[in-house]
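# Coordinate inspection notes
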Amino acid sequence: KIKKDKKNYNVDISPTGFNLDMIGDKKKRAYKIKVKENKTLYSMSEFKLLPPKSRHYLTELIGQTISKTEGLININYFFVNLFLNGDNLGTYALEEHLTKELVERNNKRNGIIFSYNQDTGKIKIFNKNKYLKNGEFNKEQIDYINYIWNNSIQDPKKLIKHVNIDKFSKYFAIIDLMHGFHALENNSLFYLDPISLEIEPIIREFNSYRYVDGPPSYDWISIERFAENKTEQFANKENNTLFYKKFYSTLFSNREFLNGYIKNLDRLSKKKYLDDLFKNNKKLFNKQLSFIHKSYPGYNFPKEYMYLKQDHIRKHLSQKKILLSRYSNVKNEIEIENI
C-alpha cells in the first residue's frame, strides 16, 4: 500500500533498473509502482521511484521542462519524500512511466510508445498486452510499427518518410544544449501518432551536468558527430548494431531536417533562451531544489555549464569552414565538398 494525503492506494511494487546508480545505499533502491483497481496517483497509473542521483538530480527536470517548452512529449519528473515501512528514506525522484496518461497529458491520442534495442534487434512496445486487452490500441498499429521498422533496419532512408522531421530537429538541438547524448541509441524512445502515423521522439535520461563530471566537452555536438558520418559508410554493413549510426547520419543528410536542426540550435544557443527558461520556471525549480536539499543539502545544479555549452554551440555554428578537400588513392582524384 502507498499512503498519500491520508488516502491509501493498493499497488504492485517491484525493483527496477540495471545499473548501480539505481541504488542510493543499502536501503535506498529504485522501485517501479503500478497503481491497481484502475486508479491513479499524481494522475499516473505507473511510475518509478528513483534515488535522485540516477537521473542527476535537477538535470532531468530541466531537460523535461525544455522538451515541454519546445512542444515535444515530456515526462513528469519531480521529487517526493518517501517512507518505507515507517523508515524515512528521504528524497526520491518520481518519474512517470510510459503509459497512456503520459501521452494524453501531452495532448496526444493514446498510441504506441516503443523502443528499439540494436544489440538484441528487438522492438519493445510498452504496455502492449494491457492496452491490446482493453482496446486502447489495436494489433494493426503494432504490425505497422514492426513492418516499417524492420523494413528500415538495413536502409534507414525508408524510415525518414515516417518520422516527424520538425520534432526530430528539435530533439537533437535539445540533446546538444543538455549535453545529453546518454539519451541516444538504445535509450531512445519513440511514439507513434495514431492519427498522422508519424513517429515522434521522447527524450529521457539526459544524465548530464554534474560538478563531479566537470564542464561539458567542446567536441560533442550532433552535427559534428553525425553529419560527417556519411550514410554510405554504413550502407554495405548489415550489422544491426549500426542501426542508430545509419539512422542519425541519414537524418543529417536530409536537407529539411538539417535546416530545422540548425535553426533550432541557433535559437536554443542564445543566452536569452536560458535566461528566460530559468526566469519563467524559477518557482518550479526552486521548489524541487528544496526537496533535494532535505536529503542532499550540498547539492547545486551547475547552471553555468549550460551557458558554457551554449558558447560551444555558437562557436561550432560560426566556424569559417567553406570547402573540404581530400585525395582519393582509388580514383586518383582530389574530391572537393562544399559543407
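Since we're looking at a predicted model, the values are computed, not measured. (Residues numbered from 1 in each chain as written. Predicted model: local features only at pLDDT ≥ 70, side-chain atom pairs only at ≥ 80, totals over all residues. Heavy atoms only, no water.)

## A look at the overall build of the protein chain
- The number of helices and strands found in the protein chain is 13 helices and 13 strands.
- For the protein chain, the C-alpha radius of gyration of 22 Å lies close to 20 Å, the compact-globule estimate for 339 residues.
- With the principal axes as the frame, the protein chain shows a C-alpha extent of 75 × 50 × 35 Å.
- Every one of the 339 residues in the protein chain was classed for burial, and the buried ones make up 50%.
- Partitioning the contacts of the protein chain with sequence separation of at least 6, the portion at a separation of at least 24 is 68%.
- For the protein chain, the accessible area works out to roughly 17800 Å², and carbon and sulfur atoms hold 49% of it.
- One way to put it: in the protein chain the 58 positive side-chain charges average out to a point 6 Å from where the 40 negative ones average out. (Helix = DSSP H or I, 4+ residues; strand = E, 2+ residues; numbered from the N terminus. Rg over C-alpha atoms; globule rule 2.2 N^0.38 Å. Buried < 20%, exposed > 50% of the residue type's maximum accessible area, 1.4 Å probe, protein only. Contact = heavy atoms within 4.5 Å. Areas by Shrake-Rupley, 256 points an atom, 1.4 Å probe, with all protein chains shown as cover. Lys, Arg positive; Asp, Glu negative; His and termini not counted. Charge placed at Lys NZ, Arg CZ, Asp CG, Glu CD.)

## Some words on the packing of aromatic side chains
- For the coordinates displayed, the defined rule picks out 34 aromatic pairs.
- With centroids separated by 5.2 Å and ring planes inclined at 50 degrees, the aromatic side chains of W149 and F190 adopt a geometry described as tilted. Here F190 lies in strand 10 (residues 189–192) and W149 lies in helix 4 (residues 139–150), a separation of 41 residues in the sequence.
- According to the relative accessible area criterion, W149 is buried, its value standing at 1%.
- Aromatic pair Y171 and F172: ring centres 5.1 Å apart, planes at 90 degrees, arrangement edge-to-face. This pair shows no difference in class: Y171 is buried, exactly as F172 is.
- Over the ring of F291 we find K294; its NZ or CZ atom is 4.5 Å from the centre of that ring.
- The residue whose ring lies beneath K303 is F278, and the NZ or CZ to ring-centre distance is 4.6 Å. (Phe/Tyr/Trp six-rings, centres within 6.5 Å; stacked < 30°, edge-to-face > 60°. Lys NZ or Arg CZ within 6 Å of the ring centre and 35° of its normal.)

## Remarks on a nonpolar patch on the surface
- Nonpolar side chains collect at one region of the surface, where L323, Y327, I334 and I336 lie side by side and expose about 480 Å² of accessible area between them.
- Looking at where Y327 falls in the secondary structure, it is placed in strand 12 (residues 323–328). (Patch = residues over 30% accessible without salt bridge, like charges linked within 9 Å, V, L, I, M, F, W, Y side chains within 5 Å. Salt bridge = Lys/Arg side-chain N within 4 Å of Asp/Glu carboxyl O.)

## Considerations on the side chain of Q118
- On the secondary structure map, Q118 appears in the loop between strand 8 (113–117) and strand 9 (122–125).
- Residue class for Q118 comes out buried when judged on its relative accessible area of 5%.
- Side chain to side chain, Q118 and E185 meet in a polar contact 2.8 Å long.
- At 3.1 Å, the side chain of Q118 and the backbone nitrogen of Y244 are in polar contact. (Polar contact = N/O pair within 3.5 Å; in protein donor to acceptor, adjacent residues only side chain to side chain.)

## Description of the side chain of N164
- With respect to the helices, strands and loops of the structure, N164 is situated in the loop between helix 5 (157–160) and helix 6 (165–178).
- For N164, a relative accessible area of 13% puts it in the buried group.
- Among the polar contacts made by the side chain of N164, one reaches the main-chain amide nitrogen of K167 at a distance of 2.9 Å.
- Discounting chain neighbours no more than four positions away, the residues touching N164 are E198, I199 and E200.

## Let's talk about the sheet that holds strand 8
- Strands sit in the order 9-8-10-11 across an open sheet of 4 strands; the sheet is antiparallel. Of all the strands in the sheet, just strand 9 and strand 11 (199–202) have a single pairing partner and so form its edges. Across the sheet, the axes of successive neighbouring strands diverge by a mean angle of 35 degrees, strand direction being ignored.
- Where strand 8 and strand 10 come together, 2 bridges link them in antiparallel fashion. Bridge pairing links F114 to F190 in strand 10.
- Those strands touched by helix 4 are strand 8, strand 9, strand 10 and strand 11, and its axis lies near 150 degrees from that of strand 9. (Pairing = 2+ DSSP bridges. Axes fitted to C-alpha atoms, helices over the stretch in contact; angles between N-to-C directions.)

## Side note on the sheet that holds strand 3 (residues 11–15)
- Read from one edge to the other, the open sheet built from 5 strands follows the order 3-4-5-7-6, with strand pairing classed as antiparallel. Taken across any chain shown, the strands that pair with only one partner, and hence form the sheet edges, are strand 3 and strand 6 (77–84). With strand direction ignored, the average angle separating the axes of adjacent strands in the sheet is 30 degrees.
- Bridge count for strand 4 (residues 31–35) against strand 5 (residues 46–50) is 4 bridges, and the pairing is antiparallel. Directly across from Y31, in strand 5, lies its bridge partner L49.
- Each of strand 6 and strand 7 (87–96) touches helix 12 (residues 282–295); the most contacted strand, strand 6, lies at about 35 degrees to it.

## Structural notes on the pattern of salt bridges
- The full count for this structure, using the stated rule, is 22 salt bridges.
- Between R210 and D213 there is a salt bridge, and its shortest N-O distance comes to 2.9 Å.
- Linked by salt bridges that have partners in common, R55, E95, R204 and E205 make up one network.

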